[in-house]
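Close look at the chain arrangement
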Amino acid sequence: MIDLVDEKNSHISNFAEFERSMNGRHPWLASLRKDALARFEALGLPTTRDEQWRFTNISPIAGTAFRPADPKPDSLTVADISSYTLCEARCTQLVFLNGSYSENLSTVKFLPKGVRIISLAKALETDRELLEPLLLNSLSEDDAFRALNTAFMSDGAFVYLPPGTTVKEPIHLLFLSSSRTDPTASFPRNIIVLDEGSQADIVESYAGLDRGIYFTDSVTQVLIGPNCSVGHYKLQRESPSSFHLTTLHVVQDRDSSYSSHSVSLGGAITRNNFNVVLNGSGADCELNGLYVTKGHQHVDNHTTIDHAMPNCTSRELYKGILDENSTGVFNGRVVVRKDAQKSNARQTNKNLLLSRHAGINTTPQLEIFADDVKCAHGATIGQLNEEELFYLRSRGIDRDAARTLLTYAFASEMLAAIKIKPIQCQIDLVLMNRLSRHETTRGLP
Amino acid sequence: MLEIRDLHVSIDGKEILHGINLVVNPGEIHAIMGPNGSGKSTLAKVLAGREGYTPTRGKVLYNGTDLLQMLPEDRAREGIFLGFQYPVEIPGVSNMYFLKTALNSIRKHNGLEELDAMDFLVLAKEKMKLVDMDEGLINRAVNEGFSGGEKKRNEVFQMAVLEPKLAILDETDSGLDIDALRTVADGVNALRRPDRSIVLVTHYQRLLNYIVPDKVHVLLDGRIVKSGGKELALELEEKGYAWLENGTGSKPAVMS
Ligand SMILES: Nc1ncnc2c1ncn2[C@@H]1O[C@H](COP(=O)(O)OP(=O)(O)OP(=O)(O)O)[C@@H](O)[C@H]1O
Ligand SMILES: [Mg+2]
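A brief report on the enclosed structure follows. (Residues numbered from 1 in each chain as written. Chains lettered and ligands numbered in written order. Predicted model: local features only at pLDDT ≥ 70, side-chain atom pairs only at ≥ 80, totals over all residues. Heavy atoms only, no water.)

1. Quick notes on the overall build of chain B
We count it as follows: Only DSSP runs of H or I covering at least 4 residues are called helices, and only runs of E covering at least 2 are called strands; the numbering of each starts at the N terminus. The quantity called the radius of gyration is restricted to C-alpha atoms. Its globule counterpart is 2.2 Å times the number of residues to the power 0.38. With a 1.4 Å probe rolled over the protein chains alone, any residue whose accessible area is under 20% of its type maximum counts as buried; one over 50% counts as exposed, and the rest are partly exposed. It only takes one pair of heavy atoms within 4.5 Å for two residues to be counted as in contact. The accessible surface values rely on the Shrake-Rupley method and a 1.4 Å probe; as for residues, cover is taken only from the protein chains in view. In this tally, Lys and Arg are treated as positive and Asp and Glu as negative; His is ignored, and so are the chain termini. The atom standing in for a charge is NZ when the residue is Lys, CZ when it is Arg, CG when it is Asp and CD when it is Glu.
Looking only at helices and strands, chain B has nine helices and 12 strands in total. Against the globule reference of 18 Å for 256 residues, chain B gives a C-alpha radius of gyration of 18 Å, in line with a compact fold. Along the three orthogonal principal directions, the C-alpha set of chain B runs to about 60 × 40 × 35 Å. Scored against the burial criterion, the 256 residues of chain B give a buried share of 55%. For chain B, contacts bridging at least 24 residues in sequence account for 68% of all contacts bridging at least 6. Of the roughly 11,200 Å² of accessible surface on chain B, 49% is carried by carbon and sulfur atoms. Once the 31 positive and 37 negative side-chain charges of chain B are each reduced to a mean point, those two points are 3 Å apart.

This is how it looks when you write it as structure tokens:
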């Protein structure tokens, strides 16, 4: 039985315990944490009356009391987690259990000189100079869950690439959660800094080890220097009863390129806040997203691309596959500032509804303050094509297999956009598996 | 093989076929000709089981069983093949994967072992040769960006791989150049067998020079108004369809 208490109050009372457990560590963060908690208290949990949360009702989260996840890593072995690891664990991989770094399960490969890939818990001790400005003033805490993350942050990943370095193998940040008893919450904070001219591919994975109720409130900050080239992949396959609320905040300097591929498959309620600031001339970003939902899942992607400087380009393509009674939200905001002349922005959201009980709210939001810009956006909502289904069936492929094949085909464009083979293969495998277990197709002929 | 009795078919509540009677015996080739909009494709698709094409009266027996009760996939597994007049493009689904899946579902249904990717490729290559199809097409998405002629060749190629008992080819000759027509016809002839029947829907007598039919039927305004031997096709070529619109008891197809 879960006590129906106000989640806000449970977090506030948890905070005192959390502070005690930190036992005076990182005193330079104490006031940041306190301020963030105060901010959280003042903001309160969002409701559907808030413009930014109109279509996402978080009352199931608000109605659950979470305690901070047990920081003591489980007795898992590398073999236990092999279905979640990448490249058969041959690349550098930081593994987190319920938000806490697990040294046993992690692998750190030989890295170019000066590259740091460590836990944030450790970095808070060793890299204060780099972290302090990033933690103190880079994020506006106008979002309750982001404020909550700041209040409780203590671990996560820290990745730093010095100027001109390239890490060839993907860097995998794997967040595993397990909640067999009470609902738990974890607050990973990831800081990724790429200095001028460096290159890396970063994979963030979130997965549930069981079907428990837990809450992941994560914040990832990515700071991209001039001329950097970054691939960023996110594979979310949390437990079906979990809640996944995240902020991904990216700031790009001039002539950098950033390519993001986000795949959301799990979670009861998922909210991805994704902000990219094109903060230097000539920066380019590509945002690809795929969300696949069924049952009563709800997934909300709120993206903002901020063209703050001239000559920047952005391409965004989000695709959704919604089945049964699931729902989705896509809110794609593109801002072109006054000085951001010669901006080029293209945004597309395409949705496939596999059941007449599934639904999607899609809202493009263009705010253009410059005059010499190219901006295009479009959204579609459709069903599987009857002619295509008939063609496949007329060749002997049964209805369910034909539906799966066409659904997979709808998603395949997103897979093709992933250029790193092992990442593509893993996502392909997970996706195939997910789609072929599409047992129910109620509500359609 | 196929026996159609007094078949009436409606689409969206509008009757398109008004009582078709047709018997196709094993090994026979039948040609169906008729003006645009007369219902040829409707007949072809209703035999393949297209949803929304509702039989309202009549019966279709396929090797003695009630065809209209069967799902499209089961018809295919039992040996019915429809070569589409307008093959649909399916982006994101590879031609190879699609056809391998199709063949294996049919094989499984018939108690045969499924082919693995290697064995399938060998078979596919052999059949592509038969219809002189560019090997590159097998690795592309189903029909995506195929030229009109390539799409038709792909249909005959699929037929060659799936080896149906009853093939209904809906204007497979339209859009083919003269050489391609020859190749496709040769391909179809190579598939001719005493136990395999073929129904050809065509507008052109020319095809029937290459694939000689046992019977020719004229479909006009949802009814078969005349049947005959291969010489009927020549007569149609010469006279058109107008002479059939009167004196046969059928309504004119188009009032002008
Ligand atoms: N979905 C539909 N809704 C309404 N009418 C339809 C539909 N599909 C076909 N029809 C009508 O049925 C009639 C027969 O069409 P069909 O495609 O069978 O003709 P056809 O003989 O194959 O012609 P063509 O030689 O041009 O291929 C036409 O009048 C057509 O407009
Ligand atoms: Mg037709």
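Now that the structure is up, let's keep going.
2. Things to note about the interface of chain B and chain A
Heads up, the condition is: Accessible surface is computed with a 1.4 Å probe, and the buried area is the amount of it that two parts give up when combined, taken over both parts together. Salt bridge criterion: a side-chain nitrogen from Lys or Arg within 4 Å of a carboxyl oxygen from Asp or Glu. N or O atoms within 3.5 Å of each other form a polar contact, as long as, within protein, one can give a hydrogen and the other can take it, and as long as residues adjacent in sequence are counted only when both atoms are side-chain atoms. Note on residue classes: Ala, Val, Leu, Ile, Met, Phe, Trp, Tyr, Cys and Pro are nonpolar, Asp, Glu, Lys and Arg are charged, and everything else, Gly too, is polar.
With 33 residues of chain B at the contact, the number on the chain A side is 18 residues. Buried area between chain B and chain A, summed over both chains or domains, comes out near 2,100 Å², and the portion from carbon and sulfur atoms is 62%. Its largest share of buried area at the contact with chain A, chain B owes to R50, E73 and F84 of chain B, together 26% of the area lost on that side. The shortest N-O distance in the salt bridge between R395 of chain A and E155 of chain B comes to 2.7 Å. In this assembly, chain B and chain A are joined by 12 residue pairs in polar contact (both at pLDDT 80 or more). For the side of chain B that touches chain A, the elements supplying multiple residues, two or more each, are α1 (40–48), α2 (72–77), β6 (80–83), β7 (90–94), α3 (95–109) and α5 (148–162) of chain B. Here the element with the most residues in the side of chain B that touches chain A is α3 of chain B; it accounts for six residues. Looking at the side of chain B that touches chain A residue by residue, the classes come out as 19 nonpolar, seven polar and seven charged.

3. Observations concerning the environment of D12 of chain B
One can find D12 of chain B in the loop between β1 (2–11) and β2 (14–24). Taking the relative accessible area as the measure of exposure, D12 of chain B reaches 78% and is therefore exposed.

4. Considering the sheet that holds β1 of chain B
Residues and elements named next belong to chain B. Note the threshold: We treat two strands as partners when DSSP finds at least two bridges between them. A fitted line through C-alpha atoms represents every axis, and for helices the fit uses only the stretch in contact; the resulting angles, taken between N-to-C directions, go from 0 to 180 degrees.
Strand order in this open sheet of four strands is β2-β1-β4-β5, and the pairing throughout is antiparallel. Each edge of the open sheet carries a strand with a single partner, namely β2 and β5 (65–66). Relative to strand β4 (residues 53–62), β1 is paired through eight bridges, and the arrangement is antiparallel. Within β4, the position partnered with H8 by the bridge is R57. Lying on the sheet, α1 is in contact with β1, β2 and β4; it crosses β1 at an angle near 110°.

5. Things to note about the environment of I418 of chain A
Looking at the secondary structure, you find I418 of chain A in the loop between α8 (399–416) and α9 (421–436). Among residues more than four places away in sequence, those in contact with I418 of chain A are Y233, H261, I423, Q424 and I427 of chain A.

6. Some remarks on empty space enclosed by the protein
Residues and elements named next belong to chain A. Stated precisely, the cut-off is as follows: Here a cavity means grid points, on a 1 Å grid over the protein atoms only, where a 1.4 Å probe fits yet cannot get out; a pocket means an open set of points with protein on both sides within 12 Å along at least five of seven lines; lining residues are those with an atom within 4 Å of a point. Grid points are joined across faces, edges and corners, and a volume is the space filled by probe spheres set on the points.
Under the counting rule described, the total for this entry stands at 11 cavities of 30 Å³ or more. Lining of the largest cavity is provided by 19 residues; of these, K234, T246, L248, S262 and F274 occupy positions nearest its centre. Contributions of two or more residues to the lining of the largest cavity are made by β9 (199–208), β10 (214–224), β11 (229–237), β12 (243–252), β13 (257–264) and β14 (269–278). For the lining of the largest cavity, the per-class residue count stands at six nonpolar, 11 polar and two charged.

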